Structure formats: structure tokens, C-alpha cells
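Commentary on secondary and tertiary structure
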Amino acid sequence: MCPTQRQVFIKHLQNVAKESDYPALDVFICTADPYKEPPISVVNTALSVMAYDYPTEKLSVYVSDDGGSQLTLFAFMEAARFATHWLPYCRKNKIVERCPEAYFESNPSSWFPEADQIKLMYENMRVRVETAVKSGIISHDYINSKQELEAFSRWTDGFTSQNHPAVIQVLLECGKDEDVMGHTMPNLVYVSRGKSINLTHNFKAGALNALLRVSATMTNAPVILTLDSDMYSNDPETPLRALCYLLDPSMDPKLAYVQFPQIFYGINKNDIYGGEARHVFQIHPAGMDGLKGPIYLGTGGFFRRKVFFGGPSETFELKQDHLGSKSIKSREILASAHHVADCNFESQSQWGTKMGFRYGSLVEDMYTSYMLQCEGWKSIFCHPKRPAFLGNSPSNFHDFLNQTRRWSIGLLEVVFCKYSPITYGTRTINLLSGLCFAYYSFCPIWSIPITIYAFLPQLALLNYVSIFPKVCPFTRIIVNNNNIDIY
Ligand SMILES: O=c1ccn([C@@H]2O[C@H](COP(=O)(O)OP(=O)(O)O[C@H]3O[C@H](CO)[C@@H](O)[C@H](O)[C@H]3O)[C@@H](O)[C@H]2O)c(=O)[nH]1
Ligand SMILES: [Mn+2]
């Protein structure tokens, strides 16, 4: 009952931890369809986080491609090359806008001398990626090495987006690959988890769990950031902001994640579909921050890895010994990464029920955070003045209806599950937090009174029936006493 606004002072972070003590950070980016989510936009999302103001050797970016598309892999091969120019350019010139598309749309008067050359490289990359997507074919002229050719050879006959073995390709390796200034690059890994038409794949939650496991075999960072393909980072200091909470010695050890709001740039004029959804993405989370914390909004959440493996009272040891100094391209690591990304790996396991992102609802974000809070975890809402992330929301009626239907089904799945917030949540978390989750999950029910209200007045008017009560003497007295002029 106490809406919370927080502010962090990044410069004080050095009093708590030196840069060398920062935890490693694994960033998960999900994409599912190269035609609905253009690979060039996913590439922009990845580049904006690869260029974070964060120790490069501690940063890894994993891209989950649920579309299992060569086009997405090709786009990331291109991105890996372009990044070797883009990252040093941003770092040297202290660029704030690290998403190339957004940067090159900004005013050229703020550009630095090399910008034109880098823009040309970006444009060339964009044309190659878009040409490939348009034609559906990756020209041999675009393939630069035997290694790349080998990667594409995994798309054999019978490989479809719903039925294929796991494909994992390390595109950049920290400590081995360098940018044009000789500085190391962050890890960049393409993952398309294995799928079978006979097994459920659990949508985005399934994709995120595959990334949780694959990243555990490679880098196993204690902090994880999840991002949607349509949301790029708008502030290179964002991970430091999250660290201000995650490393704060006076912070409640039950803190599970730091959530940033979803803010959109691609909303249509006057936002006729209410795509900004400010109440969902900005207002309610600030309110819930005064209780046990905001829900997870699906993107822009910095998690402690351990929260996915048990409640706050359970001791979880983040094992790093298996990683040793082995290259993430080593045969051994790649073999275990492929093993955990296989479609059969989760059968008969606790993934999605007790571990990882939770299955059972199409709104895996809200459901996962609900279950985490039921386990005793808390969260924090971080809403800086400069939006940390900027994204796209549906800009046409068809997409908007699709999204609303998907959310409604997902929310009702939470209402009718055995952990319904109204019965289980109110008892397990606390009454108010349980009611907040219940408010979210019961939202689709609003459609009933709203639909009635949309038609009833017209029908009543046509039938000369009044649907509003007549003013009775008693109401008149109240109105008069309150000096309200109703005429
Ligand atoms: O099988 C799937 C389906 C979707 N996605 C990815 O999930 C993300 C979100 O999907 P999108 O179609 O953009 O859904 P939205 O309705 O815009 O997403 C909102 O609602 C979702 C469900 O609550 C959350 O997961 C998102 O983070 C939140 O932004 C995208 O990056 C997709 O690529 C997958 O990886 N696999
Ligand atoms: Mn989206």
C-alpha cells in the first residue's frame, strides 16, 4: 500500500565493488519468427547490449531462435563482424545510444568522424540481411568461411521450425575474438533448441529454460538479463543500475530480480489501441514495489540465476568448476550444450514446475514471478528517467487483438490453475500481494461488463428503455447537499 519510487547513484557502486568484482552477466534474447520479428531488429537488440558499459570479459549474449531459421543465424554472423567495429566506436566516443539503428537515425551533427564509415558498414549489413530474408536464400557470396558453411549444413532435409535437432553456434568467443582496436569481444552464442512435433515446447518459457541450461554449460553467470527481440537497450549503464541493488550489502537477500519498465517507441499516433499500457508496465509495478515487488514483465528483468533453482531458504551453490579454463567452443562444452538443448532433455524433469521459468500459462512472465513470490522471493522496480529499454508494441488492430487474446488466455490459465492467486496467493505471499496477482489474472473478465456496456445503451435507446435509475428524491437531497450542479 505504499507505491515506491527509487533512485540509484551509480557513482557510489565503486564503494561496494570494484569493476573486477562485478558478477558475470548472461543476456538472453528470444526470437521466434524471422518474418514477424525481422532479424535485423533482433541484431540491433543484441548489439545494444553487447556494447554495455560492463567488463567485456564478463558479458555473454545468448540468442534463442525458436524459429530455427538459417536467416537469423546468418544475421548474427553478420552482426558478429559488425560488432567488432561498433563496440570500439561506442566505447571510444562514449556514445549513449548503442542501438545502431536508433543511433543512425539521430542527428548526424552529433556524430564522430568515423561515423559515416560505420554507418556504411551498418547499411551494407542491413541490405545483406534484408535481401536474404526477402529471398529466403543466403547467397554463397555472403558466406565468409568454411566454419560458417558448416554451420548452415545442419539445416538438412526435414529440418522444420517445429522439428529439428538443437543448433548451437558460438559466433564470438571472449578472450579469442577481438575488436578492431584489439580489445576482447563478449561471447555471442546462437541457440536454436531442439524441437519435436511430438513434444510440447512450452513457448517462450521453454526457450528461456533451454538458454538457462545452455548458458550454464558455457558461462554460468550469476546474473541474467532477459530481453525480447523487439526491445533494445537505450542506456549503456543499465546493468550498473541493476548492480546497485543486487550488490547492495543491506539489501534483503530474498531479492530475486530487478525489473525495468517496458516503454515503447513504435506506438501509433494517439496510441489508439492503448499499446503503451502504462498501468501494466509502469504504474502497477511501482505500487507492487511497496509490497513484495513488481511482477516480471517478460523483458528487462535482471535475475539472480539461483532463483530458478529453489526458494530463498534453500542453499544453492553456483558451480563454476566445470567451466575451468575450457573454451566455449571446445568439443566437450559444445557436446553438453547440445545435450541440454535437446527436446527430450526436460521429459520427466522438474523444469517448468520447480525449476526455471514456469510452464502452464501463456503469460510465463507474470506466472513465473507469481510462483517465485509464493516461494518467498522479492523483486524491485527500477524506473530511471532515461528509459533503460525501448520496445515495439502492436501497431495494427490484428496484432493487437492477437496479443490481447494471448494474454487473456494466459491470465485465465493462472486463474484456473491449482495455485490460483485468489486462493493460494493470498494465503502464501500475503493478502495484498495475492490480490494484486489476482487483479492481473482476473483482468480478462472485464471483457464481459465492457462488452455489455458497449451494446446495452444503444439497445435500450432503440427500445425506449432507460438503463439508468431515475433520480429519486433521496438522490436529489444528496446531490443538493453536495452543491453539485447536475444541469
Ligand atoms: O514460442 C515462442 C513464442 C515467443 N517467443 C518470444 O517471446 C517474446 C515475446 O513475444 P511477443 O510476441 O513479442 O509477445 P508480446 O505480447 O509482445 O510480449 C509480452 O507478453 C509476453 C507474454 O506475457 C512476454 O513474454 C513478453 O516479454 C511481453 O513483452 C518474443 O521475443 C518472441 O520471440 C519465443 O521465444 N518462443
Ligand atoms: Mn513484444
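In this text the structure is predicted, and so the values were computed from the model without any measurement.

Moving on, we get to the domain arrangement of the protein chain. Split into domains, the protein chain comes out as domain 1 (10–394) and domain 2 (453–481). Look at where the C-alpha atoms of domain 1 and domain 2 centre, and you get two points 54 Å apart.

A few words on the UniProt feature "binding site: Mn(2+)" (unreviewed entry) in the protein chain. Summarizing the sequence annotation, UniProt attributes the feature "binding site: Mn(2+)" (unreviewed entry) to K204 and D228 in the numbering used throughout. A maximum C-alpha distance of 9.7 Å among these annotated residues, which run over 25 residues, shows that they cluster at one spot. In contact with K204, not counting residues within four places along its chain, are C30, D228, Y296, G298 and E364. Along the polypeptide, D228 turns up in strand β5 (residues 223–228). Discounting chain neighbours no more than four positions away, the residues touching D228 are C30, T45, K204, G298 and T299.

To continue, consider the environment of L297. Counting through the fold element by element, L297 comes out in the loop between α8 (278–289) and β8 (301–304). Beyond its immediate stretch of four places on either side in the chain, L297 contacts Q259, F260, P261, Q262, V280, F281 and D365.

The next subject is the sheet that holds strand β4 (residues 187–192). Taken in spatial order, the eight strands line up as β3-β4-β2-β1-β5-β8-β7-β9 in an open sheet, and their pairing is mixed. This sheet does not close on itself; its edge strands, each paired only once, are β3 (167–172) and β9 (378–381). Taking each pair of neighbouring strands and ignoring which way they run, the sheet shows an average axis angle of 20°. Of the strands in this sheet, β1 (25–31), β2 (59–65), β3, β4 and β5 touch helix α1 (residues 39–50), which is tilted by about 170° from β1. Lying on the sheet, helix α2 (residues 70–93) is in contact with β1, β2, β3 and β4; it crosses β3 at an angle near 15°.

Take the site of ligand 1 next. Taken together, the neighbourhood of ligand 1 is formed by 21 residues, with C30, D66, D228, E364 and D365 sitting nearest. Within the backbone of C30, a nitrogen or oxygen atom sits 2.8 Å from an oxygen atom of ligand 1. Of all elements in the fold, only β1, α6 (203–218), α10 (364–375) and α11 (397–415) reach the threshold of two or more residues within the shell around ligand 1. Broken down by class, the residue content of the shell around ligand 1 amounts to seven nonpolar, six polar and eight charged.

What follows deals with the state of the cysteines. What makes a disulfide is a covalent bond joining the sulfur atoms belonging to two cysteines. All told, the structure shown has zero disulfides when counted by the stated rule. Distance from the sulfur of C99, which forms no disulfide, to the nearest cysteine sulfur (C90) is 9.9 Å. Take C99: its relative accessible area is 2%, and that puts it in the buried class.

Here the UniProt-annotated "binding site: UDP-alpha-D-glucose" (unreviewed entry) positions come out as K36, E37 and D66. Maximum C-alpha separation among the annotated residues is 12.2 Å over a sequence range of 31 residues, consistent with a single clustered spot. Among the secondary structure elements, K36 is positioned in the loop between β1 and α1. The class of K36 is exposed, set by a relative accessible area of 69%. By relative accessible area, which is 10% here, D66 ends up buried. Residue contacts for D66: discarding those within four places in its chain leaves T31, A32, S161, R193, K195, F203 and A207.

Bringing the nonpolar core into the picture now. Within the largest apolar cluster, 96 residues are counted, with the highest numbers of intra-cluster contacts made by M50, W86 and F302. Element by element, the count of residues in this core is highest for α2, at 14 residues. Among the nonpolar cores identified, the runner-up in size contains 31 residues, and I168, Y257, I328 and W377 belong to it.

Following the criterion strictly, the structure yields 34 aromatic pairs and no others. On the basis of an interplanar angle of 35° and a centroid distance of 5.8 Å, the ring pair of Y273 and F397 is categorised as tilted. Taken together, the residues Y273 in the loop between β7 (255–259) and α8 and F397 in helix α11 connect sequence positions 124 residues apart. Using a relative accessible area of 22% as the deciding quantity, one classes Y273 as partly exposed. Looking at F397, the relative accessible area reads 47%, which means it is partly exposed. Measuring from ring centre to ring centre gives 5.9 Å for F303 and F357, while their planes differ by 75°; the resulting arrangement is edge-to-face. In this pair, F303 is assigned in strand β8 and F357 in the loop between α9 (331–340) and α10, connecting sequence segments 54 residues apart. Using a relative accessible area of 0% as the deciding quantity, one classes F357 as buried. Within the aromatic cluster, the residues linked to one another by ring pairs are F82, W86, Y89, Y103, F104, W111, F112 and Y122. Cation over ring: R213 sits above W351, and NZ or CZ is 4.8 Å from the ring centre.

Closest axis-to-axis distance for the α10/helix α13 (residues 431–442) pair is 11 Å, and the angle between their directions is 165°. By the angle between their axes, α10 is roughly antiparallel relative to α13. In the crossing of α10 with α13, the sense of the turn from one axis to the other is left-handed. Here M366, S369, Y370 and Q373 of α10 lie close against α13, whose contacting residues are S433, F437, Y440 and S441. Across the contact of α10 with α13, the residue classes break down as four nonpolar, four polar and no charged.

Looking at α9, one finds that the buried residues are I333, A337 and V340. Within α9, the buried residues cover an arc of 70° as seen down the axis, which keeps them to one side. Turned more than 90 degrees off the buried face of α9, the exposed positions are R331, E332 and H339.

Along the chain, T368 falls in helix α10. Take T368: its relative accessible area is 0%, and that puts it in the buried class. Polar contacts involving the side chain of T368 include one to the main-chain carbonyl oxygen of E364, which spans 2.5 Å. Here T368 is in contact with F308, G356, F357 and R358, once residues within four sequence places are set aside.

Turning our attention to the pairing of β1. By the criterion of burial, β1 is predominantly enclosed, with seven of the seven residues buried. Across the two faces of β1 the burial is the same, with L25, V27, I29 and T31 and D26, F28 and C30 all buried. Sheet analysis places β1 next to β2, joined by seven bridges and oriented parallel. Residue pairing across strands places D26 opposite S60, the latter belonging to β2. Crossover β1 to β2 through α1 is right-handed.

Cut-offs and rules
- Within each chain, residues carry numbers counting from 1 in the order of the written sequence.
- Each chain gets a letter, beginning with A, and each ligand a number, beginning with 1, in the order they are written.
- Local features in this predicted model are restricted to residues of pLDDT 70 or higher, and side-chain atom pairs are both shown and tallied only at a pLDDT of 80 or more, whereas totals for entire chains, interfaces and linings draw on every residue.
- As a rule here, side-chain values cover all heavy atoms of the structure and leave hydrogens and water aside.
- Segment limits for the domains were obtained from an automatic or database-derived domain assignment.
- UniProt positions are given in the numbering used here, feature names are shortened, and annotations may be inferred rather than shown by experiment.
- Whether two residues touch is decided by their heavy atoms; if any such pair falls within 4.5 Å, the residues are in contact.
- Helix numbering and strand numbering both begin at the N terminus, where a helix is a DSSP run of H or I of at least 4 residues and a strand a DSSP run of E of at least 2.
- Two strands qualify as a pair provided that DSSP identifies no fewer than 2 bridges between them.
- Each axis is a line fitted through C-alpha atoms, and for a helix only the stretch in contact is used; angles between axes span 0 to 180 degrees, taken between their N-to-C directions.
- Note on definitions. A residue lies near a molecule or strand when any single heavy atom of the residue is within 4 Å of it.
- Polar contacts, as counted here, are pairs of nitrogen or oxygen atoms within 3.5 Å of one another; within protein the pair requires one atom able to donate a hydrogen and one able to accept it, and residues that are adjacent in sequence qualify only if both atoms are side-chain atoms.
- Here the nonpolar group is Ala, Val, Leu, Ile, Met, Phe, Trp, Tyr, Cys and Pro; Asp, Glu, Lys and Arg are the charged ones; every other residue, Gly included, is treated as polar.
- The definition used for a disulfide is geometric: two cysteine sulfur atoms within 2.5 Å.
- Three exposure classes are used, based on accessible area relative to the maximum for each residue type with a 1.4 Å probe and protein chains only: buried under 20%, partly exposed in between, and exposed over 50%.
- Residues grouped as a nonpolar core are buried Ala, Val, Leu, Ile, Met, Phe, Trp, Tyr and Cys residues, joined through side-chain atoms within 4.5 Å.
- Only Phe, Tyr and Trp rings are paired, with Trp represented by its six-membered ring, and only when their centres lie within 6.5 Å; those with planes under 30 degrees apart are stacked, over 60 edge-to-face, the remainder tilted.
- Only when the NZ of Lys or the CZ of Arg is both within 6 Å of the ring centre and within 35 degrees of the ring normal is a charge said to sit over the ring.
- Here roughly perpendicular refers to angles of 65 to 115 degrees, roughly parallel to angles under 35, roughly antiparallel to angles over 145, and oblique to all remaining angles.
- Left-handed is the label given to a crossing in which the near helix is rotated counterclockwise from the far helix by less than a right angle, and right-handed is the label when the rotation is clockwise.
- Our arc is simply the arc of the directions from the helix axis toward the C-beta atoms.
- Crossovers are described as right-handed under a simple rule: with the strands pointing away from the observer, the path leading from the first strand over the helix to the second runs clockwise.

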